[in-house]
Amino acid sequence: MSEIYNYIGFGLNISSDIKFPELLLSGDNPADIIIRNGQIPDDLFPDNDLSQFQIHFHVKKFLLNMPGIARYIATEGNEVIIDAYPGSDPGTVRLFCLSITMAAVLTQRHKILLHSSAIIFNEKLVLFLGDSGAGKSSIAAELSKRNYTIFSDDVCVLEPRSEKNNEVLAFSSYPMMKLWDDTVKELNNLKFDKIYKIRPELEKYGHFFHEKFITKPYPIKKIFVLNPTDNEQEGYSF
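Is there a simple way to explain unusual backbone geometry in this structure?
For residues other than glycine, phi is negative in most cases, and the peptide bonds are mostly trans. Positioned with a positive phi, H110 is a non-glycine residue whose angle comes to about 65°. Structurally, the position occupied by H110 is in the loop between helix 1 (90-108) and strand 9 (112-121). Unusually for a residue other than glycine, N147 sits at a positive phi of about 75°. Mapped onto the elements, N147 comes out in the loop between helix 2 (136-145) and strand 11 (149-152). Of the residues examined, N147 reaches a relative accessible area of 72% and is grouped as exposed.

See below:
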């Protein structure tokens, strides 16, 4: 019988027979989501063509094919099956589970997601949104150097319920930042290193903060949308 790991992330309890070092281990609580290894039939995908990237989203079923990496199926927001291709990199398999697949699971659960980094300021959240490469993680890492608490680097899961002031709350995704090689060099800080490479072919590195990961929701105070300036200037506009 496979070992079962219990985690907390995205504001939910996750049970998995796959070890996820990116997630925070938790107690033996009833699982909101179950992740497991399994076989996914070829005929679930149109024309049985698994040589191409495929993604199919329905309210109750989500299918993802990442050629050479894995196939994923998410059902009714509470179960994920991963069928890894032979020889695939385990970290890459986990990465696409925690990103695209988990986004589908949360959408099936009627959650609202923001692809953002976030820090805590005066007991409230400041979020940074922007396109991929806009600098969300870089800004959060720089603020971390200045002793601000990192809340999330990948996703904030919104919880529009509060007992006062109609505040919108947010849960963090999981305790890992992802930084490109040039950002790590620019930060020039021992807390950001190049030990854990998130994918073999990318110069991008994971930086864990399990010991400081916050599992409770925090109210959102401000949201900044990052718009990188043109090449003749440095910095960002908001």
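So that's the structure; there's more coming.
Looking at this structure, I do not really get the sheet that holds strand 14 (residues 176-180). What am I missing?
Pairing between the strands of a sheet comes from backbone hydrogen bonds, and it takes one of two forms, parallel or antiparallel. Taken together, three strands build an open sheet; the order of strands is 14-16-15 and the sheet is antiparallel. Only two strands of the sheet have a single partner each, and these edge strands are strand 14 and strand 15 (196-197). Note that strand 14 and strand 16 (residues 204-208) share five bridges and pair antiparallel. Counted as the bridge partner of M177 is H207 from strand 16.

Whenever I open this one, helix 1 confuses me. Can you help?
Note that an α-helix has 3.6 residues per turn; residues three or four places apart therefore point the same way. The end-to-end C-alpha separation of helix 1 is 25 Å, in line with the 27 Å expected for 19 residues at 1.5 Å each. Residue M102 marks the point of greatest curvature in helix 1, where the axis turns by about 40°. Counted residue by residue, helix 1 has 14 buried out of 19 residues, so it is predominantly covered. At the exit of helix 1 stands H110, carrying a positive phi of roughly 65°.

Looking at this structure, I do not really get the sheet that holds strand 5 (residues 54-57). What am I missing?
A sheet is described by the order of its strands in space; here eight strands give the open sequence 3-1-2-4-8-7-6-5, paired in mixed fashion. Edge positions in the sheet fall to strand 3 (24-25) and strand 5, since each of these pairs with one other strand and no more. Of the strands in this sheet, strand 2 (12-16), strand 4 (33-37), strand 5, strand 6 (61-66), strand 7 (70-75) and strand 8 (79-84) are in contact with helix 1, which crosses strand 7 at around 25°.

I keep staring at the packing of aromatic side chains and nothing clicks. Help me out?
Centre distance and the angle of the planes are the two values used to describe a pair of aromatic rings. All told, the structure shown has nine aromatic pairs when counted by the stated rule. Seen in terms of ring centroids, Y5 and Y7 are 6.3 Å apart; in terms of plane orientation they differ by 20°. Their pairing is stacked. Each member of the pair, Y5 as well as Y7, is classed as buried. With centroids separated by 6.4 Å and ring planes inclined at 80°, the aromatic side chains of Y7 and F20 adopt a geometry described as edge-to-face. A residue pair is termed long-range when its members are at least 10 positions apart, and Y7 in strand 1 (residues 5-9) and F20 in the loop between strand 2 and strand 3 qualify at 13 residues. For Y7, a relative accessible area of 2% corresponds to the buried category.

Just to check I follow, could you spell out the pattern of salt bridges for this structure?
A side chain with one charge can pair with a side chain of the opposite charge if their charged atoms come near. Taken as a whole and judged by the stated rule, the model has 13 salt bridges. Ionic pairing is found between E22 and R94, a salt bridge with its closest N-O pair at 2.9 Å. Of this pair, E22 sits in the loop between strand 2 and strand 3 while R94 is found in helix 1, placing the two residues 72 residues apart along the sequence. Here the two residues E22 and R94 agree in accessibility, since each one is buried. Salt bridges sharing partners connect three or more residues here, namely D42, R71 and D83.

Quick question: what am I supposed to make of the environment of G130 here?
When you line up the elements, G130 lands in the loop between strand 10 (124-129) and helix 2. For G130, a relative accessible area of 22% translates into the label partly exposed. Separated by 15 residues in the primary sequence, G130 and K145 have C-alpha atoms spaced 21 Å apart. Every residue in contact with G130, bar those within four places of it in the chain, is listed here: K136 and L226.

Conventions and cut-offs
- Residues numbered from 1 in each chain as written.
- Predicted model: local features only at pLDDT ≥ 70, side-chain atom pairs only at ≥ 80, totals over all residues.
- Heavy atoms only, no water.
- Helix = DSSP H or I, 4+ residues; strand = E, 2+ residues; numbered from the N terminus.
- Buried < 20%, exposed > 50% of the residue type's maximum accessible area, 1.4 Å probe, protein only.
- Pairing = 2+ DSSP bridges.
- Expected span 1.5 Å × (residues − 1).
- Bend = angle between axes of the 7 residues up to and from the residue.
- Contact = heavy atoms within 4.5 Å.
- Axes fitted to C-alpha atoms, helices over the stretch in contact; angles between N-to-C directions.
- Phe/Tyr/Trp six-rings, centres within 6.5 Å; stacked < 30°, edge-to-face > 60°.
- Salt bridge = Lys/Arg side-chain N within 4 Å of Asp/Glu carboxyl O.

Purely geometric stuff here, so don't read any function into it on its own.
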